[in-house]
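Each chain, written out:
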Amino acid sequence: MNQNLENIREISRQVAEQNNLFLIDFIVRGSEASRVIEIFIDGEKNISADECAQVSREITKQIDEQELLKSYRLDVSSPGVDRPLLYLKQYPKHLNRLFEIEFKASDTSSTFKGRLISVEDEVLTFKSDKEIKLKFSDIINAKVLVSFN
């Protein structure tokens, strides 16, 4: 990734943090003439379209002021349910939701589906057939499953 794009990634991270959010993913597609930058942000609470728009305006302003790119499209959104959770602080807002979890178990990995019932410090408790407690650092991949009740 070239230096201008690295600068935009850093701007995105800073702007997200200034808005009490965090950068989840930064994707660049297309050629120089038709560059698309996708930025995924999240927060400890669900974020609104207005918050995404505010972050987008702030990032665009800095890209333009610093003349980092001539032609681009910037898309700022929250991650969909298809994206795995990356940070511990993303979990509390998903209490009582069903997850598919892949985690480290000794020298291998295991998976299960379970409902998140608590988050205490770095320990997440899920209810499956039984109660399962995992350290956040042992989670390899965690996805919220969409359920229609």
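Further up the page is the structure itself.
Residues numbered from 1 in each chain as written. Predicted model: local features only at pLDDT ≥ 70, side-chain atom pairs only at ≥ 80, totals over all residues. Heavy atoms only, no water.

Caption draft 1: Representation of the packing of aromatic side chains within the structure. For the structure shown, the criterion picks out six aromatic pairs. Ring geometry for Phe-103 versus Phe-112: centroids 5.7 Å apart, planes at 70 degrees, classification edge-to-face. When sorted by exposure, Phe-103 lands in the same class as Phe-112, which is buried. These aromatic residues form a ring-pair network of at least three members: Tyr-91, Phe-99, Phe-103, Phe-112, Phe-126 and Phe-136. Lying over the aromatic face of Phe-40, Arg-83 brings its terminal NZ or CZ to 3.9 Å of the ring centre. (Phe/Tyr/Trp six-rings, centres within 6.5 Å; stacked < 30°, edge-to-face > 60°. Buried < 20%, exposed > 50% of the residue type's maximum accessible area, 1.4 Å probe, protein only. Lys NZ or Arg CZ within 6 Å of the ring centre and 35° of its normal.)

Caption draft 2: Focus on the sheet that holds strand β2 (residues 35-42). If you walk across this open sheet you meet the three strands as β1-β2-β3, and the pairing is mixed. Edge positions in the open sheet fall to β1 (22-29) and β3 (72-77), since each of these has one partner strand only. Direction aside, the axes of adjacent strands within the sheet are offset by 15 degrees on average. Helix-sheet contacts for helix α1 (residues 3-18) involve β1 and β2, and the interaxial angle to β1 is about 155 degrees. Across the face of the sheet, helix α2 (residues 49-65) comes into contact with β2 and β3 while running at roughly 150 degrees to β3. (Pairing = 2+ DSSP bridges. Helix = DSSP H or I, 4+ residues; strand = E, 2+ residues; numbered from the N terminus. Axes fitted to C-alpha atoms, helices over the stretch in contact; angles between N-to-C directions. Contact = heavy atoms within 4.5 Å.)

Caption draft 3: Region of the structure containing the pairing of β1. One ladder, built from seven bridges, connects β1 with β2; its direction is antiparallel. Counterpart to Val-28 in the pairing with β2 is Ile-37.

Caption draft 4: Quick look at the layout of surface pockets. The space that makes up the largest pocket amounts to roughly 220 Å³. Asp-42, Pro-79, Gly-80, Lys-93 and His-94 are, among the 15 residues lining the largest pocket, the residues nearest its centre. For the lining of the largest pocket, the per-class residue count stands at six nonpolar, five polar and four charged. In this structure, the second largest pocket spans a volume of roughly 160 Å³. Lining of the second largest pocket is provided by Asn-2, Asn-4, Glu-32, Arg-35, Glu-67, Leu-68, Leu-69, Lys-70 and Ser-71. Residue classes in the lining of the second largest pocket are distributed as two nonpolar, three polar and four charged. (1 Å grid on protein atoms, 1.4 Å probe; cavity = no way out; pocket = protein on both sides within 12 Å on 5 of 7 lines; lining within 4 Å. Points joined across faces, edges and corners; volume = space filled by probe spheres on them. Nonpolar A, V, L, I, M, F, W, Y, C, P; charged D, E, K, R; others polar.)

Keep in mind these numbers describe shape, not what the thing actually does.
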